[in-house]
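# Coordinate inspection notes
The residues making up each chain are set out below.
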Amino acid sequence: MAESIVGKKSFEFALEIIRLYRLLQDKREFVISTQLLRSGTSVGANIEEANAGYSRKDFQYKMSLASKEARETRYWLRLLQESKLVDVDVATELLHVDELIRMLTSIVKTTSEST
């Protein structure tokens, strides 16, 4: 089965988050970077699980979890941006996570309307 657009974008986003995590670690930011790594890579993991769901309800639940993880990731990115804990630009990551949130919200909404 071909990979979904949201699956592909979430995988690419996870790679961005891993690169950002390494940069933050190099700058000695350990707490938020770890939270960011966990939530940012979890988005795609939940999408993968959703695609293997055994029911439509399971699919919707996992996509909903992916959406929540994306929102948490946006929170950590905004904290990094606004707190100025480290000198790092996260504007691109914020754009990408906002795109994922829009996509996931649409998927969850469409799925809930059809069940």
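In case you missed it, the structure is sitting above this.
Described below are features of the structure shown in this document. All figures in this text were calculated on a predicted structure; none of them were measured in a lab. (Residues numbered from 1 in each chain as written. Predicted model: local features only at pLDDT ≥ 70, side-chain atom pairs only at ≥ 80, totals over all residues. Heavy atoms only, no water.)

### Let's talk about the nonpolar core
- Ranked by size, the top nonpolar core spans 25 residues in total, and within it Leu36, Leu77 and Leu104 carry the most contacts.
- At the level of secondary structure, the elements contributing two or more residues to this core comprise α1 (5-26), α2 (31-51), α3 (56-83) and α4 (91-113).
- The contacts of Leu36, once residues within four sequence positions are left out, are Ile17, Leu20, Leu24, Thr41, Thr73, Trp76, Leu77 and Leu80. (Core = buried A, V, L, I, M, F, W, Y, C linked by side-chain atoms within 4.5 Å. Buried < 20%, exposed > 50% of the residue type's maximum accessible area, 1.4 Å probe, protein only. Helix = DSSP H or I, 4+ residues; strand = E, 2+ residues; numbered from the N terminus. Contact = heavy atoms within 4.5 Å.)

### A few points about the packing of aromatic side chains
- Applying the stated criterion across every chain, the model contains one aromatic pair.
- With 5.2 Å between their ring centres and 70° between their planes, Tyr75 and Trp76 make a pair best called edge-to-face.
- In this structure Tyr75 comes out as partly exposed when scored by relative accessible area, which is 44%. (Phe/Tyr/Trp six-rings, centres within 6.5 Å; stacked < 30°, edge-to-face > 60°.)

### Some points on the packing of α1 against α4
- Running from N to C, α1 and α4 cross one another at 150°; their axes reach a closest spacing of 10 Å. With respect to α4, the element α1 is oriented roughly antiparallel. Note on packing geometry: the crossing formed by α1 with α4 is left-handed. Of α4, the residues touching α1 (which contributes Ile5, Val6, Lys9, Ser10, Phe13, Glu16 and Leu20) are Thr92, Glu93, His96, Val97, Glu99, Leu100, Met103, Leu104 and Ile107. (Axes fitted to C-alpha atoms, helices over the stretch in contact; angles between N-to-C directions. Parallel < 35°, antiparallel > 145°, perpendicular 65-115°, else oblique. Left-handed = near helix turned anticlockwise from the far one by under 90°.)

### Observations concerning a nonpolar patch on the surface
- Residues Phe11, Leu15 and Ile18 make up a contiguous nonpolar surface patch of about 270 Å² in total accessible area.
- Of note, Phe11 is situated in helix α1.
- Taking relative accessible area as the criterion, Phe11 reaches 53% and is therefore assigned exposed. (Patch = residues over 30% accessible without salt bridge, like charges linked within 9 Å, V, L, I, M, F, W, Y side chains within 5 Å. Areas by Shrake-Rupley, 256 points an atom, 1.4 Å probe, with all protein chains shown as cover. Salt bridge = Lys/Arg side-chain N within 4 Å of Asp/Glu carboxyl O.)

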